[in-house]
Amino acid sequence: MDLSENRRKLKHLYSRAGFGAYITDIKEAEGQGVTYAVDRIFKDSFDYSEIKINHGAADIKNYRAERKNMSKEERQKLLKVSRQNIAKLNTTWIEKMAFDNSQLRERMTFFWHDHFACRNILSVYNQNQNNTLRRHALGSFREMVHAIAKDPAMIFFLNNLQNKKQSYNENFARELLELFTIGIGNYTEDDIKNAARAFTGWSIDLDGNYKFRRVQHDFGTKKFMGKSGDFNGDDIIDIILDDKRTAVHITSKIYSYFVNENIHMDKVNQLAEGFYNTDYDISALMKSIFTSDWFYNKENIASRVKSPVDLLAGIMRQFKVKFKNHLAMIGIQRALGQIVFNPPNVGGWVSGKKWIDSSSIMFRMKLPEIIFKSSDIEFDFKDEPLEDMTGEFQMEMSAADKRLYRQVKTSIDLTGYYNEFSNTDNEKLINGIAGFIIAPEINEKHRTLVYKYCDSSSTENMIESSILNLISLPEYQMC
Amino acid sequence: MASASLMIPSFLRDLQASQGGINRTFAESGKKLVIVQLSGGNDGLNTVVPYKNDIYYSSRSNLSIKENDVFKLTDELGFNPGMEKFKELYDNGNLSIINSVGYPNPDRSHFRAMDIWQSGSGSEEYIDTGWLGRYLDSECEGCANSHHAIEVSDSLSLALKGEKRNGIAVQDPGRFFYTSAENFFSDVGKIYKEGNHPDEHNVEYLYKTVVEAMSSAEYVYKTSKIYESRQSYPNGEFGKHLKTIAELIISGIDTSVFYVSLGGFDTHANQKGRQENLLKQMSDGLYAFTEDLKKNDRLNDTLIFTFSEFGRRVAQNASNGTDHGTANNVFLIGGNITKPGFYNSAPNLADLDNGDLNYQLDLRDIYATLLNKWLGADDSAVLGGSFNKLNII
């Protein structure tokens, strides 16, 4: 068995199916091969734990109903606590991506968070939606769509509370078709109108749970995608999912995210066929991707530009980085332009090259040093208003907030790398380490450059500085 | 005092030659467009105040601005008390006010509304490039560097991101230059410059961007050193950023678009003093900026455009503030405004959509005008459709 070939494949697998690997994860699997590792990854992701934080004063069920009985100060305080909670949810999740065993499930949850992109001011709703996505992340896509259509955060975000038979609101119906399922070009404006009618009355009760409000629902006949009947929202979802084009659309998106942005349509159609025939079994789809030979083809390796969260969670996972000041993890996300629980719009985040511009590339290359040396982030955060659903309070970052977001204090554990490389001579060291942590090939010029800036005062310093310099190269932005 | 502009060309010629030939046709016209983004949703009705309108006063019992406090412009409209200097620009024929700019089916979320303004999209489409980024794509195809559009900030806004080309974010030319010039980074750049080009096109793109960033950082920094402004700008970040832009323009930088933001306009509570302060910063800052340019003969080539992601509701709320609204006024400022003053009539407060103003002009009409009539660009290629152009510049 070719160990270096195996290592290359495992590195690829872990970076796509998870957020990268600590050196010992790769060492452990490389004697066994890729199939073993895939099984292992699925097994590790079978069990999972939900994200649960203490919501304190913001632990309420239905803000819209309860705010009526609250004073202005109480409301203000509640929203402030909720905002702090969302920051806590953010960093809790980033740490889960970085340290949890079930990394495939976290990767998939993150993918679905981008797919069903949503924002809400209430931390409880964010937590619940995140756990709903996590629960279905490797299950049935059909069940996930049904669940998300009844998810309070989504019902708020896409205005389904305002969707009543007396006055329709098409927002949810439109995004369901355009972004969440079948994709643009496969339905008409009339289909949207009729779908919106079917979702009338899909609302929230006083406990903050989904509630079907009969009086708001339009029980009339709807014509939808060539069918006609007294459809409700569940019927609409099933009709969309019974159309094979939905399987093709979702599979293309998964292919583009997990395999290559340059989509190979034959492969997508083949995968979509399987996805459709298993009634949208996400695990089966992902398994056929990760166990295929072509997933490990040269053109798919190191072809993906890491998103900011990939980069941050990846560094944390590969080098066991812990942030003592949690808010710095948010500061880094802000500086790089991707904040979890805060996608730019319902279309989700950009991808690929779109992440890279002259300023972001310099910050990305500087980031390893900031993290390894615990130096402050030199970055002026833009004065952006924070969303406030009720439009009641102005909520902008204070100067003190901004200072906290900039303070980086970390601990790093490179023991695995020290153990592996303490007896390696300097000639082979840099390429040896790169074999575990960098996706693209490193050539002699890189090696010379990395070596030039290494600290050879001790073996450990040599290893640490090699790692730091390697991950400061543009190549580290790829996975 | 020797005019700084006389000394510039030779410095710049050397600098540009060392850049390996910047696309000269790009900024040949020498026209500069400065975009000022007022983040948070500026309340347009308390910016340009309809001081004779009863509906205005009855909708805003604690928040309306009294007739005696406004700077009167016409017999019905006047500026917020913070905008004394804007009155001067108005009187000098350097300012044009366009009322009720918006778009169909307006969105009241900061994020989404800002997306729509920055991308120049309709409210029902999602475009992940910005209108100025697409301008670079279309007009600056052969440009070697990214400094043709500069945002004074640490991160680049969507507005300046194109499909193929991006602008560059520079908060502080010195800091950006010194970071990019760190030995490690310049050695990374050298790997690429010495002809070691990676096969993978995305890795190649990363290196290209690094090299571009370094050369733009050097160019912007060195250019910024050519002219040091003596104009006094108001204290604070916004004034500082405008000064940076003025220095770059007067130094003859090969940049056609500048982008700068002033935040804090999300005035849901206790709006009056806060907004007045912000408007004063805007007005004093832009006045100083135009004075600086005028003294150096650059005001005629410069056009300033201010916008906010939405206006606010006509009626005030219970916290002496205003909530998110829709259409809003925008300003154009420069030495070359052919129709100064009010471009169109004041918003009709008797004809509201659910308590919000109806729009009269699509924001893409404004963009088409700026692109076509000011920058000489193919506006329909950039905006993906044909929009009306205003007779204003």
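Everything here concerns the structure above.
Please read all numbers here as calculations on a predicted model, not as lab measurements. (Residues numbered from 1 in each chain as written. Chains lettered and ligands numbered in written order. Predicted model: local features only at pLDDT ≥ 70, side-chain atom pairs only at ≥ 80, totals over all residues. Heavy atoms only, no water.)

Draft legend 1. Focus on the interface of chain B and chain A. Contacts between the two partners involve 60 residues from chain B and, on the opposite side, 55 residues from chain A. Here chain B and chain A share an interface that buries about 4900 Å² over both sides, 57% of which is from carbon and sulfur atoms. Summed over the shared surface of chain B and chain A, the result is six salt bridges. Our count for the chain B to chain A interface comes out at 20 residue pairs in polar contact (both at pLDDT 80 or more). (Contact = heavy atoms within 4.5 Å. Buried area = accessible area lost by both parts, 1.4 Å probe. Salt bridge = Lys/Arg side-chain N within 4 Å of Asp/Glu carboxyl O. Polar contact = N/O pair within 3.5 Å; in protein donor to acceptor, adjacent residues only side chain to side chain.)

Draft legend 2. Representation of the nonpolar core. Counting residues in hydrophobic clusters, the biggest one holds 221 residues, and the most contacted among them are W112, F141, F290 and F319 of chain A together with F289 of chain B. With eleven residues, helix α8 (residues 201-224) of chain B is the single largest residue contributor to this core. Once you skip the residues sitting within four places of it in the chain, F141 of chain A turns out to touch W112, H115, F116, F180, L241, T246, I250, F275, Y280 and I282 of chain A. Formed by 45 residues, the second largest nonpolar core is a distinct cluster that contains W117, F310, I337 and L390 of chain B. (Core = buried A, V, L, I, M, F, W, Y, C linked by side-chain atoms within 4.5 Å. Buried < 20%, exposed > 50% of the residue type's maximum accessible area, 1.4 Å probe, protein only. Helix = DSSP H or I, 4+ residues; strand = E, 2+ residues; numbered from the N terminus.)

Draft legend 3. Focus on unusual backbone geometry. Residue and element names in this part refer to chain A. One non-glycine residue, M225, lies in the positive phi region at around 45°. Tracing the sequence through the fold places M225 in the loop between β3 (222-224) and β4 (227-229). Judged by its relative accessible area of 18%, M225 is buried. Positioned with a positive phi, K320 is a non-glycine residue whose angle comes to about 45°. Position of K320 relative to the elements: it lies in the loop between α16 (308-319) and β5 (322-323).

Draft legend 4. Just the sheet that holds strand β4 (residues 77-79) of chain B, in detail. Reading across the sheet, the three strands line up as β2-β4-β3 (chain B) and stay open at both edges, with antiparallel pairing between neighbours. Pairing within the sheet leaves two strands with one partner each, and these edge strands are β2 (48-50) and β3 (71-72) of chain B. (Pairing = 2+ DSSP bridges.)

Draft legend 5. Broad picture of the pairing of strand β9 (residues 302-308) of chain B. Residue and element names in this part refer to chain B. Most of β9 is tucked away: seven of the seven residues are buried. Neither face of β9 is exposed, since T302, I304, T306 and S308 on one face and L303, F305 and F307 on the opposite face are all buried. As judged from the seven bridges shared by strand β1 (residues 32-39) and β9, these two strands associate in the parallel manner. Across the sheet, the residue bridging to L38 is S308, located in β9. Examined bridge by bridge, β9 and strand β10 (residues 328-334) share four bridges and lie antiparallel to one another. Counted as the bridge partner of T306 is F331 from β10.

Draft legend 6. Here's a closer look at the pattern of salt bridges. Residues and elements named next belong to chain A. For the structure on display, the rule yields 52 salt bridges over all chains. Ionic pairing is found between R142 and D238, a salt bridge with its closest N-O pair at 2.8 Å. Within this pair, whereas R142 is found in helix α8 (residues 141-149), its partner D238 is found in helix α12 (residues 233-242), the two being separated by 96 residues in sequence. For R142, a relative accessible area of 15% puts it in the buried group. R447 is the partner of E444 in a salt bridge, and the nearest nitrogen-oxygen pair spans 3.5 Å.

Draft legend 7. Layout of the side chain of R447 of chain A. Summarising the element assignment, R447 of chain A is placed in helix α22 (residues 444-452). A polar contact is formed between the side chain of R447 of chain A and the backbone oxygen of E427 of chain A, at a distance of 3.5 Å.

Draft legend 8. Region of the structure containing the side chain of T109 of chain A. Residues and elements named next belong to chain A. Tracing the sequence through the fold places T109 in helix α6 (residues 103-115). Residue T109 is classed as buried on the basis of its relative accessible area, which comes to 0%. If near-sequence neighbours (up to four positions away) are discounted, T109 is found in contact with W93, N130, L133, R134 and A137.

Draft legend 9. A look at the packing of helix α21 (residues 426-437) of chain A against helix α23 (residues 459-471) of chain A. Residue and element names in this part refer to chain A. Two elements in contact, α21 and α23, have axes whose closest approach is 10 Å; the angle formed by their N-to-C orientations is 55°. Relative to α23, the element α21 lies oblique. Relative to α23, α21 is oriented so that their crossing is right-handed. Contacts between α21 and α23 involve N426, L429, I430, I433, A434 and I437 from the first element and M462, I463, S466, I467, L470 and I471 from the second. (Axes fitted to C-alpha atoms, helices over the stretch in contact; angles between N-to-C directions. Parallel < 35°, antiparallel > 145°, perpendicular 65-115°, else oblique. Left-handed = near helix turned anticlockwise from the far one by under 90°.)

Draft legend 10. Representation of the packing of aromatic side chains within the structure. For the structure shown, the criterion picks out 50 aromatic pairs over all chains. An angle of 20° between the planes, with centres 5.1 Å apart, marks the rings of W117 of chain B and F307 of chain B as stacked. Here the residue W117 of chain B occupies a position in helix α4 (residues 110-119), and F307 of chain B occupies one in strand β9, the gap between them amounting to 190 residues. For F307 of chain B, a relative accessible area of 2% translates into the label buried. On the numbers, 3.7 Å between centres and 5° between planes, the contact of W131 of chain B with Y367 of chain B is stacked. With W131 of chain B in helix α5 (residues 131-139) and Y367 of chain B in helix α11 (residues 363-374), the pair connects residues that are 236 residues apart, well separated along the chain. Note on accessibility: W131 of chain B and Y367 of chain B belong to one class, buried. Lying across the ring of F42 of chain A, K287 of chain A places its NZ or CZ 4.8 Å from the centre. (Phe/Tyr/Trp six-rings, centres within 6.5 Å; stacked < 30°, edge-to-face > 60°. Lys NZ or Arg CZ within 6 Å of the ring centre and 35° of its normal.)

Draft legend 11. Structural context of α12 of chain A. Along α12 of chain A, the positions that sit buried rather than exposed are G233, I236, I237, I239, I240 and L241 of chain A. The N-capping residue of α12 of chain A, defined by a side-chain oxygen 3.0 Å from the backbone nitrogen of D234 of chain A, is N232 of chain A.

Draft legend 12. Broad picture of the pairing of strand β5 (residues 95-102) of chain B. Residues and elements named next belong to chain B. Counting buried positions along β5 yields eight of eight residues, so the element is predominantly enclosed. Bridge count for β5 against β10 is five bridges, and the pairing is antiparallel. Within β10, the position partnered with I98 by the bridge is V330. Where β5 and strand β11 (residues 341-342) come together, two bridges link them in parallel fashion. Each residue of the ladder has a partner; that of I97, found in β11, is F342. Of the strand pairs in this sheet, β5 and strand β14 (residues 361-362) are connected by two bridges, and their pairing is parallel. In the sheet register, V101 faces β14, and the bridge partner there is L361.

Remember that the coordinates give geometry; whether it matters functionally is a separate question.
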